[in-house]
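Observations on chain architecture
Residues per chain are reported as follows:
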Amino acid sequence: MVTMGSLPSPLMCTHTHSRYLHFLSFSFPVLQKFKSRPKLFTKSPNAPILTIQNCTSITAKTSSEIKRHSTVSQPDEKLRKLRDLFSIPGVNIDAYIIPSQDAHQSEFIAECYMRRAYISGFTGSAGTAVVTKDKAALWTDGRYFLQAEKQLSSSWILMRSGNLGVPTTSEWLNDVLTAGSRVGIDPFLFSSDAAEELKEAIAKENHELVYLYDLNLVDEIWGESRPKPPNKPIRMHDLKYAGLDVASKLSLLRSELVDAGSSAIVISMLDEVAWLLNLRGSDVPHSPVMYAYLIVEIDRAKLFIDNSKVTPDVMNHLKNAGIELRPYDSILSEIESLAAQDTHLWLDTSSVNAAIVNTYKSSSERFTGSHGNKTKGKSKMHDSSNGQSGGHSGVYKSSPISVAKAVKNHAELEGMRNSHLRDAAALAQFWVWLEDEIHKDVKLTEVEVSDKLLEFRSKQAGFIDTSFDTISATGANGAIIHYKPETESCAVVDSKKLFLLDSGAQYVDGTTDITRTVHFGVPNARQKECFTRVLQGHIALDQAVFPECTPGFVLDAFARSFLWKIGLDYRHGTGHGVGAALNVHEGPQSISYRYGNMTPLLKGMIVSNEPGYYEDHAFGIRIENLLYVKEVDTPNRFGGVGYLGFEKLTFVPIQSKLIDLSLLSTAEVDWLNEYHLQVWEKVSPLLDGSARHWLWNNTRPLVKL
């Protein structure tokens, strides 16, 4: 599944300190290597889009201007009600920003937190809405341009982030607001870094950023129709899949706290909480996480969560690990309490929300102000990785859990391998069914195809859920990069057009994500050339060998170079990290043209390999496998460093009829034949009957004449 990649600040790869070598036997093999993770602007691919720079004059069109089929403009009642709230006591703002995030900067969020989708009608996972007293604009990236065109009403201006001349949200606000205006946000929905960046940007026109702690304006107009917060029970993640128990993880984390001069850390990213506590939930669609905050101190830990989700077994699990329970909504009062105790709190300002960070800073100032400067004589905490000085008894550094979670231990990798093979078996059963139905001229909608794939997957051992909404797209819909078919509007799968299927699953032992593009009839020369060049990029990245400490952006051009040769490209990242039985999009690593991400690819990390090509209103092509980073034995070790490469986790055939063999080198044909041999050897033992026969037919070797 495609993602845009992240925008962290540089991180230098350093040599391992000998006093941390004992970590290597556990699942924190990189904590000793990187004392701080790169400072991400936000940690999810759908971060508030605030930093795309414009290169020419600012131009933008309303949604109605760019729609092919115009409709009569209707007054937007939601916008009217929202604007009415601007002038109520305690608010008094001139503009309001609605991001996609929840309070934990999640990519996928519970329905009750889909405020931007509710107010705008645009349902893509990435985007930021900005409403002033007389204008409404929505920013999204290239994955969603076509979707946004369809979903936004004429009341909205579509801002295509990344295109020449498109302003950032702050640039637009500075342009349309009169000097000295007040811009409101819900501080729970912005990371501290994002809020500070926004505050600084709009201050250029003397605008004030207003934190509305106690009132989310969208929630006010959503009212009784707003869905209730999720409260499904959480479950334990078995040690045989986790590979390391909670006590060991907490012990290693506390060592990090001591080394950083901190006495407690706030963990707000949901997958970090789940990973650290070996718990899984179902609060968020497709992501096995639960809404919670975790504060780990040197001698205790507190989990802020809705108690109704905690079963007796989970309660015992937490007690055995020394975890105390607190109400989810008591997090700010706990932060105030810690500040009053002069706790040196570790805050990752790239992910912890502005409400928490500002509460800590203001409480610390009140405490030191009323009791004298208790920190006098102590050196202020400072982290050179993000340039923020403490001064509030705080340690402002990247979370040590992010990289540790990204580097999979043996048990996690084994679970990923096993789940991918079962997933491949389900896909083989699905593809033979679909091809049979299409050849019998059965009319199937994109939704019916997606539902049938879910049926096959759900029969596999350990299946829990899909890992994202399946992208089942025929013809022109394939050009909508994050297309989601809807029952009332989806197309019938056309045997004469390309069909793109991007899907994945959550299993008890792993997370999958795979894309295949096929043609059920006879592809034309243009489709074959584009498909083959995408395949060549996929092969080039798969075969890449690179020095240790290489950041993912260095490899991005491997996947694009064959398209570039004929003047083609694609508007998304080439690879994202993937969690082990966790989020399908996981940072901090990525393979993307976003060259700001200096996170090194490390042994044990998992990334996707998914180049593509899309022609608007015509077709889309994408080929995606998951890979894990492994050591490579090279004949030389220039500079004394080791070299790394990739090993495949995904084993599903790539359709040969779409390949123009004249474009492939002998080495590329050999790669494909070797891959298909592995697919047959690994997956055929899990199949019988027609599915096994289909796999045999689709893994036969190609011969380049």
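Residues numbered from 1 in each chain as written. Predicted model: local features only at pLDDT ≥ 70, side-chain atom pairs only at ≥ 80, totals over all residues. Heavy atoms only, no water.

Quick look at the sheet that holds strand β18 (residues 463-466)
Strands belonging to one sheet form pairs held by backbone hydrogen bonds; the direction of such a pair is parallel or antiparallel. Strand order across the open sheet formed by three strands is β18-β21-β22, with antiparallel pairing between neighbours. Across the chains shown, the open sheet's two edge strands, defined by having one partner strand only, are β18 and β22 (510-511). The sheet contact formed by β18 and strand β21 (residues 505-507) spans three bridges and is antiparallel. Within β21, the residue paired with Phe463 across the bridge is Tyr507. (Pairing = 2+ DSSP bridges. Helix = DSSP H or I, 4+ residues; strand = E, 2+ residues; numbered from the N terminus.)

What about the nonpolar core?
Buried together is how nonpolar side chains tend to be arranged in soluble globular proteins. Membership of the largest hydrophobic core comes to 65 residues, with the highest contact counts inside it found for Phe430, Trp431, Leu434, Phe499, Phe520, Ile654 and Val683. Of the residues forming this core, the biggest block, 11 residues, is contributed by helix α15 (residues 410-439). Residue contacts for Ile654: discarding those within four places in its chain leaves Arg516, Phe531, Leu535, Ile623, Trp671, Leu672, Tyr675 and His676. The next biggest cluster of nonpolar side chains, apart from the first, holds 44 residues, and it includes Tyr113, Leu253, Trp346 and Ile401. (Core = buried A, V, L, I, M, F, W, Y, C linked by side-chain atoms within 4.5 Å. Buried < 20%, exposed > 50% of the residue type's maximum accessible area, 1.4 Å probe, protein only. Contact = heavy atoms within 4.5 Å.)

A few points about the layout of surface pockets
Left-over empty space is what a probe sized like a water molecule reveals as it rolls over the atoms. Its volume calculated, the largest pocket comes out at about 1,100 Å³. If you trace the largest pocket, you find 41 residues lining it, with Thr123, Gln147, Asp469, Lys484 and Glu486 closest to the centre. Residues of the lining of the largest pocket, tallied by class, amount to 18 nonpolar, 15 polar and eight charged. Of the pockets and cavities examined, the second largest pocket occupies roughly 680 Å³. What lines the second largest pocket is a set of 28 residues, and nearest its centre among them are Tyr113, Arg115, Arg226, Tyr328 and Asp329. Of all elements in the fold, only α7 (217-222) and α12 (331-340) reach the threshold of two or more residues within the lining of the second largest pocket. Within the lining of the second largest pocket, the residues separate by chemical class into 14 nonpolar, three polar and 11 charged. No fewer than three residues from each of domain 1 (77-225) and domain 2 (235-366 + 393-399) sit in the lining of the second largest pocket. (1 Å grid on protein atoms, 1.4 Å probe; cavity = no way out; pocket = protein on both sides within 12 Å on 5 of 7 lines; lining within 4 Å. Points joined across faces, edges and corners; volume = space filled by probe spheres on them. Nonpolar A, V, L, I, M, F, W, Y, C, P; charged D, E, K, R; others polar. Domains from an automatic or database assignment.)

Regarding the confidence of the model for the chain
The predicted model of the chain has a mean per-residue pLDDT of 88, with 86% of residues at 70 or higher. Confidence over residues 5-12 falls short of pLDDT 50; this stretch has 30 contacts with residues more than four positions distant or in other chains. Taken as a whole, residues 14-73 scores under 50 in pLDDT and shows 188 contacts with residues more than four places along the chain or in a different chain. (pLDDT = per-residue confidence, 0-100.)

Observations concerning the sheet that holds strand β19 (residues 471-474)
Pairing is antiparallel in the open sheet, where three strands are placed in the order β19-β20-β23. Edge positions in the sheet fall to β19 and β23 (514-519), since each has one partner strand and no second. Between one strand and the next, the sheet's axes are offset by a mean angle of 10°, whatever the strand orientation. Sheet topology places strand β20 (residues 498-503) next to β23; six bridges connect them, and they run antiparallel. Bridging across to β23, Asp502 finds its partner in Thr515. Running at roughly 155° to β20, α15 makes contact with β20 and β23 of the sheet. (Axes fitted to C-alpha atoms, helices over the stretch in contact; angles between N-to-C directions.)

Focus: the side chain of Lys309
Residue placement: Lys309 occurs in the loop between β12 (301-304) and α11 (312-320). Filtering out sequence-adjacent residues up to four positions away, Lys309 remains in contact with Pro230, Asn231, Lys232, Pro233, Ile234, Asp283 and Tyr291.

Here's the deal with helix α17 (residues 525-542)
When the terminal C-alpha atoms of α17 are compared, their 25 Å separation across 18 residues agrees well with the 26 Å that a helix rising 1.5 Å per residue should span. Most of α17 sits out of view: 14 of its 18 residues are buried. Among the residues of α17, the N-terminal cap falls to Asn524, whose side-chain oxygen and the backbone nitrogen of Arg526 are separated by 3.1 Å. (Expected span 1.5 Å × (residues − 1). Polar contact = N/O pair within 3.5 Å; in protein donor to acceptor, adjacent residues only side chain to side chain.)

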